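# Structure at a glance
Here's the letter readout for the chains.
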Amino acid sequence: MEKWEGKVALVTGASKGIGAAICIELVKSGMIVYGIARSVELIQALSDQLKGQKGQLIAKKCDLRVKSQILDVFTEIEKKHGLVHVVVNNASVSGSASIMDGETKDWRNMLAVNVVAPAITCQKAINLMMEKDYDTGHIINIGATSSHNISIYPSHHFWSATKYGLRSMTEGFSMELKSLKSHIKMTHISPGNTKTDFLKGKMMPFDPDFEEFKKFAVRVGVKEENLPKKNPVDLTGEGIYNSEEPRALKPGDVADYVIYALSSPLHAEVSELTIRPIQTY
Ligand SMILES: NC(=O)c1ccc[n+]([C@@H]2O[C@H](COP(=O)([O-])OP(=O)(O)OC[C@H]3O[C@@H](n4cnc5c(N)ncnc54)[C@H](OP(=O)(O)O)[C@@H]3O)[C@@H](O)[C@H]2O)c1
């Protein structure tokens, strides 16, 4: 990570969970980190805790649904540092209803935060890097295992569609960069269940009756062998947090793989990483 000391990173969704854990690791590695989210007071509190570390965390309020707020952050970074060297698109929102029951406004919200905002940050960061002839920047997009396989939880179905979108967009940027002979790296990281607020109340099955839920899952195409062995409700509450069984990753686990991808040598690009808890059900 020495090559990143004193360089500038932008991390979205920095106020808690995986984004906060990523900020901690980048600051410890000596980077100047711009952490953005709506709850700026949480990022500021983290920044205060990190005082004395090699790098620093700069807290900025930004609602990723508002393009002008994203561009304001880039304007400040450009004015102070010239460019951003690393971007981690981590922020995301998920839904609380199946697609059958979902509301258009919630789908638009998910698309805005999970797909459109990272498209803006990727485009803006890459343009800045190219304008400044900086050919070794790195963009990391945080997807999910649901970027590859549809979740069996109906409340995750539209969110999963946005995660597929983010993965395909990451690959699209990568292809365009390579066609320009650019060495700017693109990485997509797909975590499984991770112990953050994201999981709270989000894993409820379609039907509180487990047998009914299994019938539903089979009806929508989940193979019998892939069905959870226990009622997934067990995964929602404190069980997942207190269990001795490792059913969830820790936010720091995902941050460690961000560091791994950033530590790759100049000639190598970690394009995709999937990290699952060792036991899912
Ligand atoms: N936890 C899991 O089990 C899991 C599994 C697979 C993938 N992931 C992925 O990992 C990433 C991090 O998830 P997490 O579990 O750490 O989530 P989290 O704890 O729910 O945190 C989400 C972050 O996104 C920010 N955010 C949401 N809406 C925003 C908006 N409109 N503008 C700006 N920031 C916004 C939140 O900040 P504010 O509310 O302060 O704005 C918060 O910092 C996400 O991409 C998620 O899809 C998580």
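Quick caveat, the model's predicted, so the values are computed rather than measured.

G13, G17, R38, S39 and F198 are the nearest of the 27 residues found near the ligand. At three residues, the largest contribution of residues to the shell around the ligand is made by helix α1 (residues 17-28). Within the shell around the ligand, the residues separate by chemical class into twelve nonpolar, ten polar and five charged.

This brings us to helix α4 (residues 104-131). For α4, spanning 28 residues, the distance from its first C-alpha to its last is 38 Å, which sits close to the expected 40 Å at 1.5 Å a residue. The largest bend along α4 measures about 40° and falls at A112. Within α4, burial applies to M110, V113, N114, A117, P118, T121, C122, K124, A125, I126 and M129. Check the buried side of α4 and you find it contacts β1 (8-12), α3 (67-81), β4 (86-89), β5 (138-142) and α5 (157-179). D133 sits one or two residues past α4 and shows a positive phi near 55°.

Taken in spatial order, the seven strands line up as β3-β2-β1-β4-β5-β6-β7 in an open sheet, and their pairing is parallel. Looking at the sheet topology across the chains shown, the edges are occupied by β3 (56-61) and β7 (272-275). Averaged over neighbouring strand pairs, the angle between their axes works out to 15° when direction is ignored. In terms of strand pairing, β1 meets β4 through three bridges, oriented parallel. Within the sheet, the bridge partner assigned to A9 lies in β4 and is V86. In the packing of α4 onto the sheet, the strands contacted are β1, β4 and β5, and the crossing angle to β4 comes to about 175°.

Bringing the environment of Q123 into the picture now. You can see Q123 is positioned in helix α4. When the 11 C-beta atoms within 10 Å are taken as the criterion, Q123 is described as exposed.

Moving on, we come to the pairing of strand β6 (residues 185-191). Summarising burial for β6: seven of the seven residues are buried, a large majority. Burial along β6 is two-sided: the residues K185, T187, I189 and P191 and M186, H188 and S190 are all buried. Bridge analysis of β5 against β6 gives five bridges, and the strand direction is parallel. Across the sheet, residue H138 finds its bridge partner in β6, namely K185. Bridge count for β6 against β7 is four bridges, and the pairing is parallel. Within β7, the residue paired with P191 across the bridge is I275.

Moving on: unusual backbone geometry. The phi angle at D133 is positive, at roughly 55°, despite the residue not being glycine. Tracing the backbone through its elements, the reader meets D133 in the loop between α4 and β5. Given 7 C-beta atoms within 10 Å, D133 falls into the exposed group. Unusually for a residue other than glycine, K181 sits at a positive phi of about 60°. Along the chain, K181 turns up in the loop between α5 and β6.

Attention now goes to the environment of S160. With respect to the helices and strands, the residue S160 is situated in helix α5. Judged by C-beta crowding, with 23 C-beta atoms within 10 Å, S160 ranks as buried. Expressed as a C-alpha distance, the spacing of S160 and G143, which sit 17 residues apart in the sequence, is 9.1 Å. In this structure S160 touches S146, I150 and S151, once residues within four positions along its chain are discounted.

Right, let's get into the packing of α1 against helix α8 (residues 251-262). The N-to-C vectors of α1 and α8 enclose an angle of 50°; their axes lie 8 Å apart at closest approach. The orientation of α1 relative to α8 falls into the category oblique. Both α1 and α8 take part in a crossing whose hand is right-handed. In contact with G17, I18, A20, A21, I22, I24 and E25 of α1, α8 contributes P251, G252, V254, A255, V258 and I259. Classifying every residue of the contact of α1 with α8 gives ten nonpolar, two polar and one charged.

Cut-off values and rules
Residues numbered from 1 in each chain as written. Predicted model: local features only at pLDDT ≥ 70, side-chain atom pairs only at ≥ 80, totals over all residues. Near = placed C-beta within 6 Å. Helix = DSSP H or I, 4+ residues; strand = E, 2+ residues; numbered from the N terminus. Nonpolar A, V, L, I, M, F, W, Y, C, P; charged D, E, K, R; others polar. Expected span 1.5 Å × (residues − 1). Bend = angle between axes of the 7 residues up to and from the residue. Buried ≥ 20, exposed ≤ 12 C-beta atoms within 10 Å, placed from the backbone. Contact = placed C-beta atoms within 7 Å. Pairing = 2+ DSSP bridges. Axes fitted to C-alpha atoms, helices over the stretch in contact; angles between N-to-C directions. Parallel < 35°, antiparallel > 145°, perpendicular 65-115°, else oblique. Left-handed = near helix turned anticlockwise from the far one by under 90°.

All quantities given are derived from atomic positions and should not be read as evidence of function.
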